[in-house]
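Coordinate inspection notes
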Amino acid sequence: MIKFFRKIHLWLSVPFGIIVTLICFSGAMLIFEPEMTRALRSNVYYVASVGESPLPMDVLMETAKATLPDSVAITGVTVFEDASRAYQVNLSKPRRASLFIDQYTGKITGSYRRIGFFSTMFRLHRWLLDSANPHGEGIKVGKLLVGISTLVFVIALISGAIIWWPRARKNLRHSLSIPVSSGWKGFWKGLHVAGGMYALIFVLAMALTGLTWSFDWYRSAFYAVCGVEHTPRNFTQSKTSDGSNDGEKRDSGSRRGRHYHGGAGRHEGGSRHEGGGRHRSEFGRWQEVYETLKAQNPEAPQITISSEKATVTLGYTGNGRAADSYEFNRRTGELSLVTKYADANEADRLRGWIYSIHTGSLGGLFTRILWLLGALLGASLPLTGYYIWIKHLLKNKRHHKA
């Protein structure tokens, strides 16, 4: 039986090993992308200095709107718990577009732009740099190869553990050691065998969750195993990678396109005055809604306000995408509907957990470091496996010559 699993392990790993290495390495590079991006573009993501209090949100939004073409609408604004973080103004297009504004001065600090290195790593991780539109129709070769390679990797990991166990049962300590004093051959073999066991849980977690983005049949089966019926994503709770709400961009953006594009992009009927004559823009109640939600959720990592909707990210350990969603009257600012995360669609909640487990964010910085090390070890497994296999082939060749 062990011989059978050895053959399975070898002949599945050889043709797909390089692809597995690329997937694991690129995934590792993406784990700390948000922190690296903010560090490299700190002048965009952070304000020059923290003032006493931010400018009113409607003033900030009108300032940002004045810089946009008529075809682009503001669909929301994300305010972070960190007072030094600039407000993120979410735009209707292109997809995931946003700009950042200094809430204390009203200065536009820059726009959301994925750093070229991370963009390449993401395309490599998801589609093997396939140039085809990943969201279009038809078979995407890169996406298919990633899915097949990941599935093969899962089988290779399990078969490797089965091969490892009989020897480990006799001498567990030796089986989990990576020798550094017995030459390169011993080191690479130890890294492959013991390193694979150290990384096993982490890379299996990444692979099993990652497959939900590759195959519809697997995703349905995965949800069924978890006791959840797979349903289309509820976009009102779908967070984009930059913290904005992708569903709200599409929803409120389309509505604003129908109602707010008269003239130079201002509200139909022009501006108006209330009370003491202060200008009331289409964003007039956003500040009031934000202050109410902030008072109710003082430790929320971020709050996003959009046209008649708002989301409060809860910052739970585990599902980092957990959020409460609200609706409000855009004329009075009255909060009229609350959908608690605890009452959200089970499929949406599971989707957030899948993302958190896949990226290692379920336990904060500690688990992300573990996931980084696990992904790098996962990337090394095919390479060390190739080394052991080639050395074995050369040894057999010399033996036959002798």
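None of the values given here were measured: they were computed from a predicted structure. (Residues numbered from 1 in each chain as written. Predicted model: local features only at pLDDT ≥ 70, side-chain atom pairs only at ≥ 80, totals over all residues. Heavy atoms only, no water.)

1. What to know about the overall build of the protein
The condition that has to hold: Runs of E in the DSSP output that reach at least two residues are strands. Runs of H or I that reach at least four are helices, and both are numbered from the N terminus. Residue exposure (1.4 Å probe, protein chains only): buried if accessible area is under 20% of the type maximum, exposed if over 50%, otherwise partly exposed. Two residues form a contact once any of their heavy atoms are found within 4.5 Å. What sets the accessible areas is the Shrake-Rupley method with a 1.4 Å probe; for residues, cover comes only from the shown protein chains.
Helix and strand counts for the protein stand at 13 helices and 10 strands. Each of the 402 residues in the protein was classed as buried or not, and the buried ones make up 44%. Partitioning the contacts of the protein with sequence separation of at least 6, the portion at a separation of at least 24 is 61%. Carbon and sulfur atoms make up 61% of the accessible area of the protein, which totals about 21100 Å².

2. Focus: the packing of aromatic side chains
As a reminder of what qualifies: Classification of ring pairs uses Phe, Tyr and Trp, with its six-membered ring standing for Trp, and accepts pairs whose centres are within 6.5 Å; under 30 degrees between planes counts as stacked, over 60 as edge-to-face, and the remaining range as tilted. Comment: the charge-over-ring label is applied if NZ (Lys) or CZ (Arg) is within 6 Å of the ring centre and within 35 degrees of the ring normal.
Scanning the entire structure with this criterion turns up 15 aromatic pairs. Ring geometry for Phe117 and Phe118: centres 5.4 Å apart, planes at 70°, overall edge-to-face. Given the relative accessible area of 41%, Phe117 is considered partly exposed. Between Trp164 and Trp165, the ring centres sit 6.1 Å apart and the planes meet at 50°, which makes this aromatic pair tilted. Classification of Trp164 by relative accessible area gives buried; the value is 15%. Residue classification places Trp165 among the partly exposed positions, given a relative accessible area of 44%. One aromatic cluster in this structure is built from Trp184, Phe187, Trp188 and Tyr387. Its end group placed over the ring of Phe122, Arg114 keeps NZ or CZ at 4.4 Å from the ring centre. Lying over the aromatic face of Tyr355, Arg321 brings its terminal NZ or CZ to 3.7 Å of the ring centre.

3. Quick word on the environment of Gln302
For Gln302, the position within the fold is in strand E7 (residues 302-306). The class for Gln302 is buried, based on a relative accessible area of 13%. With 11 residues separating them along the chain, Gln302 and Thr313 place their C-alpha atoms 5.6 Å apart.

4. A word on a positive patch on the surface
Here is the rule we go by: Exposure above 30% relative accessible area and no salt bridge define the residues that can form patches, which grow by joining like charges within 9 Å and nonpolar side chains of Val, Leu, Ile, Met, Phe, Trp and Tyr within 5 Å. By convention in these notes, a salt bridge is any Lys or Arg side-chain nitrogen within 4 Å of a carboxyl oxygen on Asp or Glu. Residues scored as charged are limited to Lys and Arg (positive) and Asp and Glu (negative), so that His and the chain ends carry no count. Charge positions are represented by NZ for Lys, CZ for Arg, CG for Asp and CD for Glu.
The grouping of Arg6, Arg167, Arg169, Lys170, Lys185, Lys189, Lys391, Lys395 and Arg398 at the surface amounts to a positive patch. At the level of elements, helix H6 (141-170), helix H8 (183-210) and helix H13 (365-401) are the ones that each hand at least two residues to the positive patch. Following the sequence through the fold, Lys185 ends up in helix H8.

5. So, the pairing of strand E2 (residues 87-91)
Put simply, the rule reads: Any two strands with at least two DSSP bridges between them are considered paired.
When you tally the buried positions in E2, you get five out of five residues, the bulk of the element. By the alternation rule, side chains of E2 split into Tyr87, Val89 and Leu91 and Gln88 and Asn90, which are all buried. In the sheet, strand E1 (residues 74-80) pairs with E2 via four bridges, with the strands oriented antiparallel. Its bridge partner being in E2, Gly76 is matched across the sheet by Asn90. With four bridges connecting them, E2 and strand E3 (residues 98-101) associate as antiparallel partners. Bridging across to E3, Gln88 finds its partner in Phe100. Hairpin connection from E2 to E3: six residues lie between these consecutive antiparallel strands, with Arg96 at a positive phi of about 65°.

6. Here's the deal with helix H9 (residues 216-225)
Rule in force here: Directions drawn from the helix axis to the C-beta atoms are what define this arc.
Of the residues making up H9, those classed as buried are Tyr218, Arg219, Phe222 and Tyr223. Looking straight down H9, one finds that the buried residues subtend no more than 130° of arc, so they occupy a single side. Exposed residues on H9 whose side chains face more than 90 degrees from its buried face are Asp216, Trp217, Ala224 and Val225. On its buried side, H9 packs onto H8 and helix H12 (346-359). Positive backbone phi, approximately 75°, marks Gly227, located one or two places after H9.

7. Let's talk about the sheet that holds strand E4 (residues 108-111)
We apply this condition: Lines fitted to C-alpha atoms define the axes here, with helix axes fitted over just the stretch in contact, and angles between the N-to-C directions of these axes take values from 0 to 180 degrees.
Judged by pairing direction, the sheet is antiparallel, and its eight strands sit side by side in the order E4-E3-E2-E1-E7-E8-E9-E10 without closing on themselves. Looking along the sheet, the strands with just one partner apiece sit at the ends: E4 and strand E10 (335-339). The sheet shows a mean angle of 20° between the axes of neighbouring strands, taken without regard to direction. In terms of strand pairing, E1 meets E7 through five bridges, oriented antiparallel. From the neighbouring strand, Phe80 faces E7, where its bridge partner is Gln302. Running at roughly 125° to E1, helix H4 (residues 57-65) makes contact with E1, E2, E3 and E4 of the sheet. Of the strands in this sheet, E1, E7, strand E8 (309-313), strand E9 (323-328) and E10 touch helix H11 (residues 286-296), which is tilted by about 150° from E7.

8. A short note on the side chain of Thr304
Convention followed: We call two N or O atoms a polar contact when they sit within 3.5 Å, provided that within protein one can donate a hydrogen and the other can accept it, with sequence-adjacent residues counted only if both atoms are side-chain atoms.
Residue position: Thr304 is located in strand E7. A distance of 2.9 Å separates a polar atom in the side chain of Thr304 from a polar atom in the side chain of Thr78.

9. Points about the pattern of salt bridges
All chains considered together, the criterion is met by eight salt bridges. In this structure, Arg114 engages Glu33 in a salt bridge whose closest nitrogen and oxygen atoms are separated by 2.8 Å. A residue pair is termed long-range when its members are at least 10 positions apart, and Arg114 in the loop between E4 and helix H5 (116-127) and Glu33 in helix H2 (residues 33-40) qualify at 81 residues. Look at Arg114 and you get partly exposed, because its relative accessible area is 24%. Residue Lys340 is joined to Asp324 by a salt bridge in which the shortest nitrogen-to-oxygen separation is 3.6 Å. Of the two residues, Lys340 sits in the loop between E10 and H12 while Asp324 sits in strand E9, which places them 16 residues apart along the sequence.

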